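What follows is the residue order along each chain.
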Amino acid sequence: PRARSRGDSAASPGMSRGSGSRTGSATFQPHHPSATGTDEVDEMWRSVLQRFPQHPHWCLVKEKRCVYRMGSQTGRKILCRVSHGGLQVRV
C-alpha cells in the first residue's frame, strides 16, 4: 500500500472526500467490502477526515482491516474498530 492523502480519488479506497459520507455514529455490520475495496471502517475514517478541511495533507495508509498507519507505511500504527458509538481508535 502507498501513502495517499485523503483528497485522492478511488485509487485510495475509503480515504477520499465525497458527498455521500456517513455520520460519525454507525451500527456494527459484518465486513462486506464494496466493489472498490472499501469497508465501513474506511467510510467512517473518510467521514472523520472530512471534519478537518484545514489539514488536507493528513493521510492514512491502510495495512489491513482496522489497521492503519499515519502519514506513511512506517508511520504510527492506528488500531480501530466499529462499535455502537462509532469508530473507536487506539494509537
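Structure's up top.
Residues numbered from 1 in each chain as written. Predicted model: local features only at pLDDT ≥ 70, side-chain atom pairs only at ≥ 80, totals over all residues. Heavy atoms only, no water.

(A) Molecular detail of the pairing of strand S2 (residues 59–64). Pairing between S2 and strand S3 (residues 67–70): four bridges, direction antiparallel. Bridging from a neighbouring strand, lysine 62 pairs with tyrosine 68 of S3. As consecutive antiparallel partners, S2 and S3 are separated by two residues, and within that stretch cysteine 66 has a phi angle of approximately 70°, a positive value. (Pairing = 2+ DSSP bridges. Helix = DSSP H or I, 4+ residues; strand = E, 2+ residues; numbered from the N terminus.)

(B) Summary view of the nonpolar core. Within the largest apolar cluster, eleven residues are counted, these being Val41, Met44, Trp45, Leu49, Leu60, Cys66, Tyr68, Ile78, Cys80, Val82 and Leu87. Of all the secondary-structure elements, those providing two or more residues to this core are helix H1 (40–50) and strand S4 (77–83). Among the elements that line this core, the one with the most residues is H1, at four residues. The contact partners of valine 41, leaving out residues within four places of it in the chain, are Arg65, Cys66, Tyr68, Cys80, Val82 and Leu87. (Core = buried A, V, L, I, M, F, W, Y, C linked by side-chain atoms within 4.5 Å. Buried < 20%, exposed > 50% of the residue type's maximum accessible area, 1.4 Å probe, protein only. Contact = heavy atoms within 4.5 Å.)

(C) Highlighting the pairing of strand S5 (residues 86–90). When S4 meets S5, the two strands line up antiparallel, connected through five bridges. Considered in S5, the bridge of valine 82 is made with leucine 87.

(D) Representation of the pattern of salt bridges in the model. Summed over the entire model, instances satisfying the criterion amount to six salt bridges. Arginine 65 is the salt-bridge partner of aspartate 39, the closest N and O atoms lying 3.1 Å from each other. Pair noted here: aspartate 39 is in the loop between strand S1 (4–5) and H1 and arginine 65 is in the loop between S2 and S3, with a separation of 26 residues, a long-range link. Put simply, Asp39, Glu40, Asp42, Lys62 and Arg65 are held in one network by salt bridges that share partners. (Salt bridge = Lys/Arg side-chain N within 4 Å of Asp/Glu carboxyl O.)

(E) Seen up close, H1. Of all the eleven residues making up H1, nine are buried; the element is thus mostly covered by neighbouring parts of the structure. The set of residues buried in H1 consists of Glu40, Val41, Asp42, Glu43, Met44, Trp45, Arg46, Ser47 and Leu49. Looking at the buried side of H1, the elements it contacts are S2, S3, S4 and S5. For H1, the N-terminal capping position is held by aspartate 39, with its side-chain oxygen 3.1 Å away from the main-chain nitrogen of valine 41. (Polar contact = N/O pair within 3.5 Å; in protein donor to acceptor, adjacent residues only side chain to side chain.)

Function cannot be read off these values alone, since they describe shape.
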